[in-house]
Amino acid sequence: MNQWLDERLHLSRLNDKFLRKAFPVHHSFFLGEITLFSLIILILTGILLALAYEPSNSMIVNSFDPGTADKPNLIPAAYHSALKINAMPFGDMLRRIHHWTANIMIAAAVVHMMRIYFTGAFKKPREINWWIGLLLLIFAVFTAVTGYALPYDNYAYNTLKVIYGIVASIPWVGEWVSQAAFAGRFPGEGIIPRVYGYHIMLLPAILIALTGAHLLIMIKQKHTQPQYAKRIAYKKIVGVPLLTQQTPIMLLLALLFAAIIVLFSAFIPVHPVEFFGPPSTTPINNIKPDWYLLWVFGALAIIPSFEFNFLGGVIGSEFTGAMILPTFIVLALFAVPMLDRSRHNMYYAENPTNHPVRLAAGVAFLALLIVWSVAGYKPELISANILTTANANTILWIATFLVPALAYFATLGIVRGIRALRESDERDRAAFSHADD
Ligand code: HEM
């Protein structure tokens, strides 16, 4: 059979080229795989959800509570189908698995990216994969946001309104871009079919294409090698081949991961569409994005309200906070490989403490995002009467500069302390071995 297939498809070449790839054995290398498994689970559960979901915001009679003949209870078809999915056997469970996996995928991608950054794995020759990885993260976030809109409950409706407003705040072309992106002036008849198209076709196609490129480049360039590989066989690839050793390890990890998500989903509910009800004119005050976008809300919150005209376009705080500042953050991430001055190909994953400035800059960057995420949560702080609005703004502005600066210098101090201890330890050991001689 093998020979029959090989004569027609030359499978042995595929085997030599891809399936013998050596995978380093180190727990941190599983983070990328967990991100990949999440994408697969999302696609599978998404296909099942799409079978029952109705991508339309036309009004239909609520079959759960039809009202009367002269006053029928009309709700958007998309919202109605979300209620129907919840009422189906395992429908609610399917929604939970899809929702939690999306969160885990983004969290795993962020931690995976931190591993790459802190061990220097973005350096030559892996710069392209750093950039593709960033695009993957950005598009994964877009996919999650469009998914949030689909149940079209009052919360999703208000969130879409906020996003529409942010896009419309781009000077000169904002209103035009918003209408083009959301199928007309908000909330146009075509808004749900349009967002659905993004969520189930455009964005997954981009994610699959980018993931394919990411993995092919990784196979071509090979993994960075963990430090222990240096001791075992210097400048040799140390690891287990994809076929057959790594495959069962990956399958076991995938099964364990899926089991944990199912268990988790059995106990922790997701966004309750029934609680928020269908879109209504009653605004929801406390609209907040999920944890991974809170920092954007924070950036929006710390910019005091302003507006001025420039060459016929309006530049305001919404555009500055929700678009300009996040663009700087994303550009800083894209620039990371350019800051590296080494000319040689990177072979071994680096010990983060051997690169104190990079480590401290990374910690300061995280600290800034955390401060902004807290700022995104600000309404709670204010309503709990801990801070008044004016105080909260001043404190958050001071924190925006102070906390990252403190994080930077504290990390540098700690790392230098650790290195001094390590060096004195090595000196002691050398002195002992001389004494023994
Ligand atoms: C969001 C979806 C993503 C998926 C599915 C994914 C998947 C993977 C997998 C399976 C690996 C090999 C295993 C490993 O090193 O952990 C890998 C390696 C890599 N990824 Fe990702 N990744 C994603 C996002 C990212 C992000 C956000 C970045 C950075 C900005 C990134 C940069 C890299 C780099 C540079 C490597 C090579 C690492 C090395 O050789 O040590 N990836 N990715």
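Not measured: the values here are computed from a predicted model. (Residues numbered from 1 in each chain as written. Predicted model: local features only at pLDDT ≥ 70, side-chain atom pairs only at ≥ 80, totals over all residues. Heavy atoms only, no water.)

S.K.: In this structure, what is going on with the overall build of the protein? I would like to understand it.
M.R.: Helix and strand content of the protein: 17 helices and six strands. When the backbone C-alpha atoms are referred to their principal axes, the protein occupies close to 100 × 70 × 45 Å. Counting over 437 residues, the protein shows a buried share of 40%. Sequence separation of at least 24 residues holds for 77% of the intrachain contacts in the protein that already meet a minimum separation of 6. A total of about 24300 Å² of accessible surface is found on the protein, and carbon and sulfur atoms cover 70% of it. Computed over 32 positive and 25 negative side-chain charges, the separation of the two mean positions in the protein equals 9 Å. (Helix = DSSP H or I, 4+ residues; strand = E, 2+ residues; numbered from the N terminus. Buried < 20%, exposed > 50% of the residue type's maximum accessible area, 1.4 Å probe, protein only. Contact = heavy atoms within 4.5 Å. Areas by Shrake-Rupley, 256 points an atom, 1.4 Å probe, with all protein chains shown as cover. Lys, Arg positive; Asp, Glu negative; His and termini not counted. Charge placed at Lys NZ, Arg CZ, Asp CG, Glu CD.)

S.K.: Explanation requested: the packing of aromatic side chains in the structure shown.
M.R.: For any two aromatic rings, the description comes down to two numbers: the centre-to-centre distance and the angle of the planes. All chains considered together, the criterion is met by 19 aromatic pairs. Judged by centre distance (5.9 Å) and plane angle (20°), the ring pair of Tyr117 and Phe122 falls under stacked. Using a relative accessible area of 14% as the deciding quantity, one classes Tyr117 as buried. Among the residues examined, Phe122 registers a relative accessible area of 4% and is labelled buried. Through pairs of rings, three or more aromatic residues link up here, namely Tyr152, Tyr157, Tyr164, Phe182 and Phe186. Stacked on the ring of Tyr377, the Lys or Arg Lys288 has its end atom at 4.6 Å from the ring centre. (Phe/Tyr/Trp six-rings, centres within 6.5 Å; stacked < 30°, edge-to-face > 60°. Lys NZ or Arg CZ within 6 Å of the ring centre and 35° of its normal.)

S.K.: What am I meant to see in the coordination of the iron atom of the ligand here?
M.R.: As a benchmark, a tetrahedral metal site with four donors has ideal angles of 109.5 degrees, while an octahedral site with six donors has ideal angles of 90 or 180 degrees. For the iron atom of the ligand, the protein coordination sphere consists of His112 (NE2) and His214 (NE2), at 2.0 to 2.1 Å. Its six donor atoms give the iron atom of the ligand angles of 85 to 179° at the centre, a pattern that matches the octahedral case. One end of the pair, His112, is in helix H5 (residues 91-118); the other, His214, is in helix H9 (residues 191-221), with 102 residues separating them in the sequence. Each of the two residues, His112 as well as His214, counts as buried. (Donors = N, O, S within 2.8 Å, 3.2 Å for Na, K, Ca; no water. Tetrahedral: all angles 85-135°; square planar, octahedral: opposite > 155°, others 65-115°.)

S.K.: Help me understand the pairing of strand E6 (residues 313-316), please; the structure alone is not making it clear to me.
M.R.: A regular strand carries its side chains on alternate faces of the sheet. As paired elements, strand E5 (residues 307-310) and E6 share four bridges and run antiparallel to each other. In the sheet register, Phe310 faces E6, and the bridge partner there is Gly313. Connecting the antiparallel pair E5 and E6 is a turn made up of two residues, with Leu311 showing a positive phi of about 45°. (Pairing = 2+ DSSP bridges.)

S.K.: Which parts of the structure should I look at to understand helix H3 (residues 30-52)?
M.R.: Relative to the 33 Å expected for 23 residues at 1.5 Å per residue, H3 spans 34 Å between its end C-alpha atoms, a close match to the ideal helical length. Residues of H3 that are buried: Glu33, Thr35, Phe37, Ser38, Leu39, Ile41, Leu42, Thr45 and Leu49. Looking at the packing, one finds that the buried side of H3 touches strand E1 (22-23), helix H4 (77-87), H5, H9 and helix H11 (242-267). (Expected span 1.5 Å × (residues − 1).)

S.K.: Before we go on, may I ask you to explain the pattern of salt bridges in this structure?
M.R.: For side chains of opposite charge, pairing can occur when their charged atoms come near one another. Using the criterion set out here, one finds seven salt bridges in the structure. For Arg8, the salt bridge identified is with Glu7, shortest N-O distance 3.9 Å. Residue class for Glu7 comes out exposed when judged on its relative accessible area of 52%. Taking the shortest distance from any N to any O, the salt bridge between Glu350 and Arg358 comes out at 2.8 Å. Each member of the pair, Glu350 as well as Arg358, is classed as buried. Each of Lys123, Asp340, Glu350 and Arg358 takes part in one network of salt bridges that share partners. (Salt bridge = Lys/Arg side-chain N within 4 Å of Asp/Glu carboxyl O.)

S.K.: Teacher, can you tell me more about the domain arrangement of the protein here?
M.R.: A common measure of how large an interface is: the accessible area buried when the components associate. When the domains of the protein are assigned, the result is domain 1 (11-284 + 306-329) and domain 2 (351-437). Relative to domain 2, the C-alpha centre of domain 1 lies at a distance of 30 Å. Across the contact, 10 residues belong to domain 1 and 13 residues belong to domain 2. Across the domain 1/domain 2 interface, buried area totals approximately 860 Å², and carbon plus sulfur atoms make up 74% of it. (Domains from an automatic or database assignment. Buried area = accessible area lost by both parts, 1.4 Å probe.)

S.K.: Just to check I follow, could you spell out the site of the ligand for this structure?
M.R.: Around the ligand, the surrounding shell holds 24 residues, and the nearest of these are His112, Arg115, Gly133, His214 and Thr224. Here a nitrogen atom of the ligand and a side-chain polar atom of His112 are 2.8 Å apart. Of all elements in the fold, only H3, H5, helix H6 (127-149) and H9 reach the threshold of two or more residues within the shell around the ligand. Its residues assigned to classes, the shell around the ligand shows 12 nonpolar, eight polar and four charged. (Near = heavy atom within 4 Å. Polar contact = N/O pair within 3.5 Å; in protein donor to acceptor, adjacent residues only side chain to side chain. Nonpolar A, V, L, I, M, F, W, Y, C, P; charged D, E, K, R; others polar.)

S.K.: Quick question: what am I supposed to make of the nonpolar core here?
M.R.: Nonpolar side chains tend toward joint burial in soluble globular proteins. Residues Ile106, Met113, Tyr117, Phe122 and Trp130 are the most contacted members of the largest nonpolar core, which totals 27 residues. Ala78, Leu160, Tyr164 and Tyr196 belong to the second-largest nonpolar core, a separate cluster that totals 18 residues. (Core = buried A, V, L, I, M, F, W, Y, C linked by side-chain atoms within 4.5 Å.)

S.K.: Please explain the side chain of Lys21 as it appears in this structure.
M.R.: For Lys21, the location among the structural elements is in the loop between helix H2 (11-19) and E1. As a buried residue without a salt bridge, Lys21 has its nearest oppositely charged side chain in Glu33, at a separation of 9.0 Å. At 3.1 Å, the side chain of Lys21 forms a polar contact with the side chain of His223. Lys21 has contacts with Met218, Ile219, Lys222, His223, Val240, Pro241 and Leu242, leaving out every residue within four places of it along the chain.

S.K.: Where do I start with the environment of Ala52 in this structure?
M.R.: Looking at the element boundaries, Ala52 is found in helix H3. Put simply, Ala52 and Met88 are 36 residues apart on the chain and 9.6 Å apart in space, counted from C-alpha to C-alpha. Apart from residues lying up to four places away in sequence, Ala52 is in contact with Ser81, Ile85 and Met88.

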